[in-house]
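# Analysis of the macromolecular model
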Amino acid sequence: MTFDDGPDPRWTPRILRELADAQAHATFFVIAPRAAAHPHLIEAIISQGHEIGLHCARHLRHTQTPRPIIEEDTLDALRTLRSLDVRPTRWRLPWGAAAPWSPAVADAHRLSIVGWTADTHDWRGDSAAAMLDSVDPLIADHAVVLMHDGLGPGALRDSCLETARLVAPLARAIRARGCQPASLQAMMETSASR
């Protein structure tokens, strides 16, 4: 389970409560200025056993932005997160759009670029039931589900309520497939121990 575009002072706490109730863990790909504005949410994410990854400082599409600007954005974001004592190892690119040079920028900062295998399209404002129906066939071992705990650029919804409502039934669907709703770090550790 992964969440992008937070932390959001209204929706991240609600999603954290839903995750706790579902006994599920996730990776949160944060926007650095939002993290700096809400350090208590970063602390809450970590203290509840979730992972924090890098999303960006500014939500720039790599395929439409010159490399030096992305390099600066990435450095700024990592500095901001370091000031919060967060050192991410995973990077979810805005919109998942990689330029030919994106992997080199990731390598320079020892970051692994992470995509997804199941997109809830929650930014559209679909209901939790509709989102579950769309991703349910894609749930399998090592599936990576994309959701958002903040309202990012291009969002057609005005809240993350339906995403919060999706957490519990999604966790049940994941477990029904014999898998665990976990952070990417936990998923990788489980794979390495097999």
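Just above, that's the structure.
The following paragraphs examine the structure supplied in this document. Since this is a predicted model, take the numbers as computed values, not measurements.

## Quick look at the packing of helix H1 (residues 11–21) against helix H3 (residues 39–47)
Axis separation between H1 and H3 bottoms out at 11 Å; the angle between their running directions is 15 degrees. If you check the angle between H1 and H3, you find them roughly parallel. The two elements H1 and H3 meet at a crossing, and its hand is left-handed. On H3, the residues touching Thr12, Pro13 and Leu16 of H1 are Leu41, Ala44 and Ile45. Residue composition of the contact of H1 with H3, grouped by class: five nonpolar, one polar and no charged.

## Side note on the layout of surface pockets
The space that makes up the largest pocket amounts to roughly 350 Å³. Lining the largest pocket are 21 residues, and of these Asp141, Cys179, Gln180, Ala182 and Met187 sit closest to its centre. Considering each element in turn, the lining of the largest pocket owes the most residues, five residues, to helix H8 (residues 184–193). Residue composition of the lining of the largest pocket, by class: 13 nonpolar, six polar and two charged. There is about 290 Å³ of room inside the second largest pocket. Around the second largest pocket, the lining is made up of 20 residues, and of these Trp95, Trp123, Leu146, His148 and Pro153 lie nearest the centre.

## Remarks on the side chain of His59
Along the chain, His59 falls in the loop between strand S3 (51–56) and helix H4 (67–83). At 3.1 Å, the side chain of His59 forms a polar contact with the side chain of Asp5. Within polar-contact distance, the side chain of His59 engages the side chain of His55 at 3.1 Å. Setting aside its immediate chain neighbours within four residues, His59 contacts Asp5, Ile31, Pro94, Trp95 and Pro153.

## Structural notes on the pairing of S3
Where a strand is regular, its side chains alternate between the two sheet faces. With six of its six residues buried, S3 lies for the most part within the structure. With five bridges connecting them, strand S2 (residues 27–31) and S3 associate as parallel partners. In the sheet register, Thr27 faces S3, and the bridge partner there is Glu51.

## Observations concerning helix H6 (residues 128–135)
Among the residues making up H6, those that are buried are Ala128, Met131, Leu132 and Val135. Burial along H6 is one-sided: seen end-on, the buried residues are contained in an arc of 100 degrees. Looking at the packing, one finds that the buried side of H6 touches strand S6 (118–119) and helix H7 (161–176).

## Some remarks on the pairing of strand S1 (residues 2–6)
With respect to burial, S1 is a largely interior element, five of its five residues being buried. Of the strand pairs in this sheet, S1 and S2 are connected by four bridges, and their pairing is parallel. Each bridged residue has a counterpart across the sheet, and for Thr2 the counterpart in S2 is Thr27. Taking the sense of rotation as the criterion, the β-α-β connection linking S1, H1 and S2 turns out right-handed. In the sheet, S1 pairs with strand S7 (residues 145–148) via three bridges, with the strands oriented parallel. Bridged to Asp4 within S7 is His148.

## Structural notes on H3
Listed in full, the buried residues belonging to H3 are Leu41, Ile42, Ala44 and Ile45. Down the axis of H3, the buried side of the element spans an arc of 160 degrees, and every buried residue falls inside it. Those residues of H3 that are exposed and aimed more than 90 degrees away from the buried face are Glu43 and Ser47. On its buried side, H3 packs onto H1, S2, helix H2 (32–37) and S3. Downstream of H3 by a residue or two, Gly49 has a phi angle that is positive, lying close to 85 degrees.

Definitions and cut-offs
Residues numbered from 1 in each chain as written. Predicted model: local features only at pLDDT ≥ 70, side-chain atom pairs only at ≥ 80, totals over all residues. Heavy atoms only, no water. Axes fitted to C-alpha atoms, helices over the stretch in contact; angles between N-to-C directions. Helix = DSSP H or I, 4+ residues; strand = E, 2+ residues; numbered from the N terminus. Parallel < 35°, antiparallel > 145°, perpendicular 65-115°, else oblique. Left-handed = near helix turned anticlockwise from the far one by under 90°. Contact = heavy atoms within 4.5 Å. Nonpolar A, V, L, I, M, F, W, Y, C, P; charged D, E, K, R; others polar. 1 Å grid on protein atoms, 1.4 Å probe; cavity = no way out; pocket = protein on both sides within 12 Å on 5 of 7 lines; lining within 4 Å. Points joined across faces, edges and corners; volume = space filled by probe spheres on them. Polar contact = N/O pair within 3.5 Å; in protein donor to acceptor, adjacent residues only side chain to side chain. Buried < 20%, exposed > 50% of the residue type's maximum accessible area, 1.4 Å probe, protein only. Pairing = 2+ DSSP bridges. Arc of directions from axis to C-beta. Right-handed = clockwise from strand over helix to strand, strands pointing away.

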